[in-house]
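# Descriptive analysis of the structure
One-letter residues, chain by chain:
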Amino acid sequence: MSYNWNALAQHRAATESRPILSLFDGNGRAAEYSVRLGNLLFDYSKTNIDATARGLLLDLAQEAEIEARRDAMFAGAKINETEGRAVLHTALRNLDGALMVDGADIMPEIRTTLARMDAFAEDVRNGVMLGQGGPITDVVNIGIGGSDLGPAMAAIALSPYSDGPRLHFVSNVDGAQITETLAGLNPATTLVIVASKTFTTIETMTNAETARRWMAETVSDPAAQFCAVSTSAERTAAFGIPPERVFGFADWVGGRYSMWGPVGLALMLGIGPSNFRRFLAGGAAMDTHFREAPLNANMPVLLALVGLWHHQVCGHGSRAVLPYDQRLSRLPAYLQQLEMESNGKRVSMDGQDLTRVSGPVVWGEPGTNGQHAFYQLIHQGTAVVPCEFILGAKGHEPDLAHHQTLLVANCLAQSEALLRGRTLEEARAMMAAAGLQGAELDRQARHRVFPGNRPSTTLIYPQLTPEVLGQIIALYEHRVFVEGVILGINSFDQWGVELGKELANALKPVLEGHATTEGKDGSTTQLVEYVRGA
């Protein structure tokens, strides 16, 4: 595999100054460097990847045995080797047939849990399950990380399909969030979901206790309006939640991959079981494509290879995810966790130090807001930021079609501007037409030069529906998997989050005055003393 990395580096050096635009001269590049799945189109033609680069990248995928590793994942092999676990979030959305893990078929339990979720959601939505003040009007999901980011993102994305109780999400242990969330709600008609696999996550349980105290101020039996997404029957029972309102999932579902199952309960309550199953079907369709399409026409594989080209080969340290769909406003944050927690590693599967960089920084905001914020750096800054545009051709507001036309025009224009740029000669002509002359013309023209030749991809779909959202999320999940396999890392553990948790638990009694700062560094000691004296 080192040969291919070296060959890619040499090819990159030889073509770095080549205008991407020149690759479009007299050929069908746009179609050749695109892939479709149904109505979903991924266009990566506005990158400097040519036939040679793509061939070398596909060779990397072949040598990494992507297909064998993929098949092992779907078959239930324990590819999460550091934790000795299978990786089967895909089973939560592929509901047909059997799948054996440790000698047992896991599919009947998955289907049973989904049916229980369906029934519970229908009871809440139809007023069969009542609050102590009447039908449930609001649902508060308390979780953090994968128990929050996924359903919170999807609830916004699918708001046109939401016809159930209003959804609210609390994740931060900062008391401001839960205070502001609960302030406008009626405890007697609010359902609280506590999402924590072990029911010990300190931020989640702190917020859950606060919500229970808030509930107890109004209703006689606060626990009656709680349900849980957890595997700990003992702890949920101790909290007062009966087993019929506890929805568990197995350890082969990682937190950031979990909204396809019980972690998606809040989403199901909002959009209904039927639309939730449409969401699952979209994910399953992408799974089928990932499993069956050849590597050179495989959307997740090609998305991953583009990412590897930009980060590992070209050395671009970050990538911007830019959804031109306001309802995908939380998608960049969701992908931050999905990608950076999965592939932000420094050792390979065998525990050896990596010989090349791992995952990039992922960030972004929806368009067109970003155009009036950070696009200045993207267009004229000294660092190149590969951009991933995501666009719906149509919105859900037919009476505001002119808004959508302007939105689409902006998205397409931004990717074109990144590609084309503006030369100094073009800028000079502009300034001359504006009446400037001499040194001032030259000075003003230089400020208006756009280097261009900056790469972008575009993922476009007809309209954001439950199926399309499922396809997008599964696409990025599989992209993370492919990149991780090629880099030789485990994308399914997250030991990097542990040390900070341990130190926070140790600092809590120090801040409360029950322990000293002995052994702490001078900076931490100073900061503790400041907080104590505030």
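Right, let's walk through the structure included here.

Parameters at a glance
Residues numbered from 1 in each chain as written. Predicted model: local features only at pLDDT ≥ 70, side-chain atom pairs only at ≥ 80, totals over all residues. Heavy atoms only, no water. Helix = DSSP H or I, 4+ residues; strand = E, 2+ residues; numbered from the N terminus. Rg over C-alpha atoms; globule rule 2.2 N^0.38 Å. Buried < 20%, exposed > 50% of the residue type's maximum accessible area, 1.4 Å probe, protein only. Lys, Arg positive; Asp, Glu negative; His and termini not counted. Charge placed at Lys NZ, Arg CZ, Asp CG, Glu CD. Salt bridge = Lys/Arg side-chain N within 4 Å of Asp/Glu carboxyl O. Core = buried A, V, L, I, M, F, W, Y, C linked by side-chain atoms within 4.5 Å. Contact = heavy atoms within 4.5 Å. Axes fitted to C-alpha atoms, helices over the stretch in contact; angles between N-to-C directions. Parallel < 35°, antiparallel > 145°, perpendicular 65-115°, else oblique. Left-handed = near helix turned anticlockwise from the far one by under 90°. Nonpolar A, V, L, I, M, F, W, Y, C, P; charged D, E, K, R; others polar. Polar contact = N/O pair within 3.5 Å; in protein donor to acceptor, adjacent residues only side chain to side chain. Pairing = 2+ DSSP bridges. Arc of directions from axis to C-beta.

## Examining the overall build of the protein chain
- When helices and strands are tallied, the protein chain shows 20 helices and 15 strands.
- Taken over C-alpha atoms, the radius of gyration comes to 25 Å for the protein chain, in line with the 24 Å a tight globule of 534 residues would show.
- A total of 534 residues make up the protein chain; the buried ones form 52% of that total.
- Charge separation in the protein chain, taken as the distance between the mean sites of 43 positive and 57 negative side-chain charges, equals 4 Å.

## Quick look at the pattern of salt bridges
- Across all of its chains, the model carries 29 salt bridges by this definition.
- Across the pair R54 and E32 runs a salt bridge, and its minimum N-O distance is 3.2 Å. Of the two residues, R54 sits in helix α3 (residues 51-63) while E32 sits in helix α2 (residues 29-32), which places them 22 residues apart along the sequence.
- The class of R54 is buried, set by a relative accessible area of 15%.
- A relative accessible area of 45% means that E32 is categorised as partly exposed.
- Across the pair E83 and R85 runs a salt bridge whose closest N-O atoms are separated by 3.7 Å.
- For E83, a relative accessible area of 23% gives the class partly exposed.
- Residue classification places R85 among the partly exposed residues on the basis of a relative accessible area of 28%.

## Looking at the nonpolar core
- Counting residues in each nonpolar core, the largest one holds 112 residues, and the members touching the most others are L469 and I486.
- Of all the elements, helix α18 (residues 466-487) adds the most residues to this core, at 13 residues.
- Beyond its immediate sequence surroundings of up to four residues, L469 is in contact with M153, A154, A157, L158, F279, L328 and L464.

## What about the packing of helix α4 (residues 66-75) against α18?
- Contact geometry for α4 and α18: axes closest at 10 Å, N-to-C directions at 125°. Of the possible angle classes, the one that applies to α4 and α18 is oblique. At the point where α4 passes α18, the crossing takes the right-handed sense. Residues I66, R69, R70, M73 and F74 of α4 form the contact with α18, whose own contacting residues are H478, F481, V482, V485 and I486.
- A breakdown of the residues in the contact of α4 with α18 according to their chemical character gives 7 nonpolar, 1 polar and 2 charged.

## Considering the side chain of T236
- Along the chain, T236 falls in helix α9 (residues 233-239).
- On the basis of relative accessibility, which here comes to 1%, the residue T236 falls in the buried class.
- Looking at T236, its side chain comes within polar contact range of the main-chain oxygen of A233, at 3.1 Å.

## Digging into the sheet that holds strand β13 (residues 361-363)
- Strand order in this open sheet of 6 strands is β1-β2-β15-β14-β12-β13, and the pairing throughout is mixed. Two strands lie at the open edges of the sheet, namely β1 (34-37) and β13, each paired on one side alone. Across the sheet, the mean angle from the axis of one strand to that of its neighbour is 15°, orientation sign disregarded.
- Relative to strand β15 (residues 456-461), strand β2 (residues 40-43) is paired through 3 bridges, and the arrangement is antiparallel. Considered in β15, the bridge of L41 is made with I460.
- Taken strand by strand, helix α13 (residues 331-343) contacts β12 (318-324), β13 and β14 (387-392), and its axis lies near 165° from that of β13.

## Some thoughts on unusual backbone geometry
- G367 connects to T368 through a cis peptide bond whose omega is 15°.
- The backbone phi angle of E65 is positive, close to 60°, even though this residue is not glycine.
- Within the secondary structure, E65 sits in the loop between α3 and α4.
- A relative accessible area of 51% means that E65 is categorised as exposed.
- In this model, F199 sits at a positive phi of 60°, which is unusual for a non-glycine residue.
- Examined against the element boundaries, F199 turns out to sit in the loop between β9 (190-195) and α8 (202-216).
- Under the relative-accessibility criterion, F199 is labelled buried at 4%.

## What to know about the side chain of S415
- Position of S415 relative to the elements: it lies in helix α15 (residues 401-420).
- From its side chain, S415 meets the backbone oxygen of L412 in a polar contact 3.1 Å long.
- Once residues within four sequence positions are removed from consideration, S415 is found in contact with K46, F389 and S456.

## Overview of helix α16 (residues 424-433)
- Those residues of α16 not exposed but buried are L424, A427 and M431. Down the axis, α16 shows its buried residues gathered within 60° of arc, on one side only. Residues of α16 that are exposed and point more than 90 degrees away from the buried face comprise E425 and A433.
- On its buried face, α16 is in contact with α17 (438-447).

## Comments concerning the pairing of strand β7 (residues 138-142)
- For β7, the tally of buried residues reaches 5 of 5 residues, placing the bulk of the element in the interior.
- Because side chains alternate across β7, one face comprises the buried residues D138, V140 and I142, and the other comprises V139 and N141, equally buried.
- Note: β7 against strand β8 (residues 166-170), 5 bridges, orientation parallel. Residue pairing for β8: V140 is matched across the bridge by H168.
- As defined by bridge partners, β7 adjoins β9 across 5 bridges and the pair is classed as parallel. Bridging across to β9, V140 finds its partner in V192.

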